[in-house]
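Read off the chains here:
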Amino acid sequence: MTSPLPDPVIELSGVRASYGRIEVLHGVDLKASPGEFLAMLGPNGAGKTTTLHVLAGLVQATAGHVHIAGRHVNGTNPDALARVGVCLITEGRGVFPNLSVSDNLRVFSSSGTPVSVIEERSYDRFPRLAERRNQLAGTMSGGEQRMLALARGLATDPAVLLLDELSIGLAPLIVESLYESVVESAKDGVTVIAVEQFATLVLDLADRACIMGHGKISDEGPPAMIAGRLRDAYLGGS
């Protein structure tokens with residue numbers, strides 16, 4: 001007898017979202033299961049980042065339904081979503097440059113996880129941060145700053161990890177190292193949605209992939225299948 005599929009942790013149904021009068025999402029339907037690593041690909045301006053922001057509560061849906069772990073969360077603010085386990089790692093460095101590594105980690109204790117636990121998890125996962133715990137974050141390399149941003153998010157033990165262009169501006173070896181931690185988190189049951197331009201790497205790691213274009217999910221399926229359809233998606237083919 002086939003085991004029933006787990007209920008989705010994330011479910012978007014007919015979601016629309018706008019910036020002022022400009023609608024960016026035109027009816028997004030998307031699901032992700034516990035421990036699933038979903039790669040979200042597509043050209044710039046397709047609505048990928050806005051989709052992550054809707055899930056994190058930074059942008060409110062103007063229509064449709066947003067469900068996290070079976071709960072209807074339309075209109076829920078970002079702090080409340082963070083407290084129930086939704087973690088967004090935004091594009092860019094994502095750290096407080098004038099604070100030390102240790103103080104950057106301390107900021108995330110506001111989510112309810114004790115500072116000692118956050119530091120222990122972060123330094124165990126990324127020993128390089130332990131070596132630089134007293135260093136100002138802004139004086140570290142770009143890769144180390146992204147490492148710190150990722151460490152802060154993972155240390156809060158999220159249920160959902162949303163990654164927006166983790167690889168941007170970084171050398172491939174650093175990107176691979178960061179994604180190793182992301183994959184381990186997915187194995188531990190964290191649902192991961194990664195928006196990524198570095199498609200080759202993320203497709204090798206993901207359980208499933210989708211292509212977004214013109215504010216909708218235009219295709220989804222196994223990574224190997226999606227890899228074969230990316231060229232048309234980026235160049236505007238049918």
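Rules used throughout
Residues numbered from 1 in each chain as written. Predicted model: local features only at pLDDT ≥ 70, side-chain atom pairs only at ≥ 80, totals over all residues. Heavy atoms only, no water. Helix = DSSP H or I, 4+ residues; strand = E, 2+ residues; numbered from the N terminus. Buried < 20%, exposed > 50% of the residue type's maximum accessible area, 1.4 Å probe, protein only. Contact = heavy atoms within 4.5 Å. Axes fitted to C-alpha atoms, helices over the stretch in contact; angles between N-to-C directions. Parallel < 35°, antiparallel > 145°, perpendicular 65-115°, else oblique. Nonpolar A, V, L, I, M, F, W, Y, C, P; charged D, E, K, R; others polar. Salt bridge = Lys/Arg side-chain N within 4 Å of Asp/Glu carboxyl O.

A. Representation of the environment of Val107 within the structure. Within the secondary structure layout, Val107 lies in helix H3 (residues 101-107). You can call Val107 partly exposed: its relative accessible area is 33%. Linking Val107 and Phe96, residues 11 residues apart in sequence, is a C-alpha distance of 9.4 Å. When residues no more than four places from it in sequence are discounted, the contact partners of Val107 are Phe96 and Leu99.

B. Up close: the packing of helix H6 (residues 142-155) against helix H7 (residues 172-187). The N-to-C vectors of H6 and H7 enclose an angle of 5°; their axes lie 10 Å apart at closest approach. One finds that H6 runs roughly parallel with respect to H7. Residues Gly143, Arg146, Met147, Leu150 and Leu154 of H6 pack against Ile174, Leu178, Ser181, Val182 and Ser185 of H7. Of the residues that constitute the contact of H6 with H7, the class distribution is six nonpolar, three polar and one charged.

C. Geometry of the pattern of salt bridges. Within the structure shown, the criterion is met by 10 salt bridges. Glu23 is paired through a salt bridge with Arg16; the nearest N and O atoms lie 2.8 Å apart. On the basis of relative accessible area, Arg16 is assigned to the partly exposed category, the value being 32%. Measuring nitrogen to oxygen at the nearest pair gives 3.6 Å for the salt bridge that ties Lys187 to Glu184.

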